[in-house]
Amino acid sequence: MMVVGDISTGTDLAVIGAGPGGYAAALRAAQLDVDVTLIEKDAVGGVCLNYGCIPSKALISATDVAYEAATAEDRGVYASPSVDMAEMVDWKDGVVDQLTDGVRRLCESTGVHVVEGRAEFADEHTLRVAHGGEGQGSESFEFEHAIVATGSRPVELPGFAFDGEHVIDSRAALELTEIPDDVVVVGAGYIGMELSTVLAKLGTDVTVVEMLDEALPGFPTDVSRPVQERAEALGVEFVFGEAASEWTETDEGITVVTEDADGEESEFYTEKALVAVGRQPVTDSLNLSAVGLETDDDGFLETDHQCRTAVDHVFAIGDVSGEPMLAHAASHEGEVAAEVVAGEPAALDQQAVPAAVFTDPEVGVVGLTRAEAEAEGFDPVVGRFPFAANGRALTTGDTDGFVRIVADEDSGFVLGGQAVGPEASELIAEIGLAVEMGATLEDVAATVHTHPTLSEATMEAAKHALGEAIHIRNR
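Residues numbered from 1 in each chain as written. Predicted model: local features only at pLDDT ≥ 70, side-chain atom pairs only at ≥ 80, totals over all residues. Heavy atoms only, no water.

Peer 1: I keep staring at the sheet that holds strand β13 (residues 254-260) and nothing clicks. Help me out?
Peer 2: What holds strands together in a sheet is hydrogen bonding between their backbones, with the strands either parallel or antiparallel. If you walk across this open sheet you meet the 3 strands as β12-β13-β14, and the pairing is antiparallel. Edge positions in the open sheet fall to β12 (242-249) and β14 (265-270), since each of these has one partner strand only. Strand-to-strand twist across the sheet, computed as the mean angle between neighbouring axes with direction ignored, equals 25°. Note: β13 against β14, 6 bridges, orientation antiparallel. Along β14, the bridge assignment pairs valine 257 with glutamate 267. (Pairing = 2+ DSSP bridges. Helix = DSSP H or I, 4+ residues; strand = E, 2+ residues; numbered from the N terminus. Axes fitted to C-alpha atoms, helices over the stretch in contact; angles between N-to-C directions.)

Peer 1: Where do I start with the packing of helix α1 (residues 20-31) against helix α8 (residues 327-341) in this structure?
Peer 2: When two helices pack together, their arrangement is captured by the angle between the axes and the distance separating the axes. Their axes nearest at 7 Å, the elements α1 and α8 cross at an angle of 30°. With respect to α8, the element α1 is oriented roughly parallel. Considering only the axes of α1 and α8, their crossing is right-handed. For the pair α1 and α8, the contacting residues are Pro20, Gly21, Ala24, Ala25, Arg28 and Ala29 in the first and Ala327, Ala330, Ser331, Gly334, Glu335, Ala338 and Glu339 in the second. (Parallel < 35°, antiparallel > 145°, perpendicular 65-115°, else oblique. Left-handed = near helix turned anticlockwise from the far one by under 90°. Contact = heavy atoms within 4.5 Å.)

Peer 1: How should the pattern of salt bridges be read in this particular structure?
Peer 2: Pairing between side chains becomes possible if they bear opposite charge and their charged atoms approach one another. Counted by the stated rule, this structure contains 17 salt bridges. The partner of aspartate 284 in a salt bridge is arginine 153, and the shortest N-O contact between them spans 2.7 Å. Taken together, the residues aspartate 284 in the loop between β16 (279-281) and β17 (314-316) and arginine 153 in strand β7 (residues 152-154) connect sequence positions 131 residues apart. Here aspartate 398 ties to arginine 230 by a salt bridge, and the two come within 3.6 Å at their closest N and O atoms. Within this pair, whereas aspartate 398 is found in the loop between α10 (391-396) and β21 (402-408), its partner arginine 230 is found in helix α7 (residues 221-233), the two being separated by 168 residues in sequence. Each of the salt bridges in this network shares a partner with another, and the network as a whole consists of Asp64, Lys201, Arg230, Asp360, Asp398 and Asp400. (Salt bridge = Lys/Arg side-chain N within 4 Å of Asp/Glu carboxyl O.)

Peer 1: Looking at this structure, I do not really get the environment of glutamate 264. What am I missing?
Peer 2: With respect to the helices and strands, glutamate 264 occurs in the loop between β13 and β14. When the C-alpha positions of glutamate 264 and glutamate 242 are compared, they lie 9.0 Å apart, and in sequence the two are 22 residues distant. Glutamate 264 has contacts with Thr258 and Glu259, leaving out every residue within four places of it along the chain.

Peer 1: Honestly, helix α3 (residues 53-70) in this entry has me stumped. Any pointers?
Peer 2: Two residues of an α-helix separated by three or four positions point the same way, owing to the 3.6 residues in each turn. Over its 18 residues, α3 runs 26 Å from end to end, which matches the ideal 26 Å to within 8%, given 1.5 Å per residue. All of the buried residues along α3 are Pro55, Ser56, Ala58, Leu59, Ile60, Ala62, Thr63, Asp64 and Ala66. (Expected span 1.5 Å × (residues − 1). Buried < 20%, exposed > 50% of the residue type's maximum accessible area, 1.4 Å probe, protein only.)

Peer 1: So what exactly am I meant to see when it comes to the packing of aromatic side chains here?
Peer 2: If you walk through the whole model with that rule in mind, you get 2 aromatic pairs. With centroids separated by 6.0 Å and ring planes inclined at 65°, the aromatic side chains of phenylalanine 121 and phenylalanine 143 adopt a geometry described as edge-to-face. Residue phenylalanine 121 is found in strand β4 (residues 118-123), and its partner phenylalanine 143 is found in strand β6 (residues 138-148); the two are separated by 22 residues along the sequence. For phenylalanine 143, a relative accessible area of 1% gives the class buried. Between phenylalanine 238 and phenylalanine 240, the ring centres sit 5.4 Å apart and the planes meet at 10°, which makes this aromatic pair stacked. The class of phenylalanine 238 is buried, set by a relative accessible area of 14%. If you follow arginine 171 out to its NZ or CZ, it ends over the ring of tyrosine 51, 3.5 Å from the centre. (Phe/Tyr/Trp six-rings, centres within 6.5 Å; stacked < 30°, edge-to-face > 60°. Lys NZ or Arg CZ within 6 Å of the ring centre and 35° of its normal.)

Peer 1: Which parts of the structure should I look at to understand the pairing of β4?
Peer 2: Each regular strand displays side chains that alternate between the two surfaces of the sheet. Taken together, the 5 bridges between β4 and strand β5 (residues 126-130) define a ladder with antiparallel strand orientation. Looking at β5, one finds that phenylalanine 121 is bridged to leucine 127. Turn length for the β4-β5 hairpin, with the two strands adjacent in sequence and antiparallel, is 2 residues.

Listed below in structure tokens is the structure:
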């Protein structure tokens, strides 16, 4: 359906959303000579590059510089660094700008047509894009194929609408130019724990409220426990088994009220409440019914192994298509969808998708745990190597945690692994590669690793599973 005054443009592929999934899909399709229109209502790079993954990791890294300098007396280093939060945020913004500018230039050089505006379906082969600003109007795009890559947004708790001042989300937390004296963080998932760690290292008094019984729920307890213990050592206070129910403004900040399972209430006086209880897909603004689609009860679009929705020429990738809601999963799905549109025999066939938490210490997981392997009918064998026995970890003074590898005892095939400790987000890639390529414990153990490096812990974990570890007792 056209609107009088609309400009109509034809395109082979319309990609809605320019986050890691959307721009990867657009670039890959353009490489395959598909005419691509990439539509973004906010900023190229999406939440990840602009308001999530990249800015949070930039602040984590910058904060660590100051914290490590201030706490290195045991290594003969004495310093009292001061932090200018506004300057740190400016530096973070520079990192973001460099990456997003790079994506824009890639789109231009590859022939991707980037359009600013909010897209919604008008019918099965038409999108209407409303441009921001008075008098900007709208235009329509006739497409052969469409990829929905609109990502996700923070979940708002009832009674805790984000106002940017008293109740903030992760985006607002990453834009703070002054260090708050105290913050109540609602939610001990990966976003809550990452930001709690940053704030605590900057000197903020942090209280984390979590309705479940531990931090990082969903991760193995022995993996999440070192993260919680380190946070407690930084001064973070945890309140488990309670949910935030309401808040009121006071002369000096706000009062956050929590409630346990028995209805008992507690009050916390704080400057701000940071709500980080999860994310939900952005699908409600797309007018999906016009293209013949509907979501499940949680707002997700169901897709098949080629990222197709129930409408054959419409695809969905990234957070809108469900777990795992991870940027790198979205990018991979975007490339697969683009190749399918271009007529390539592509499909989602990865054996495992890694996940990481950039806390202190870091967490990295991929594939199956021991319990999951047993549940799937394997007879698992497990090897584990502590960083306390790793030479490189000792030279950095960061020895908490371990690397663990899980394999099928009969065949030796690597099924998964977990790491908690320094650079766990990097180390997990080797185990992910082993799972993907069908490597065995012998393959990992026999690969010569550089000494001294943290990656030797992975090799030693594989040897430990085989009963051949050199630097720790064998099982």
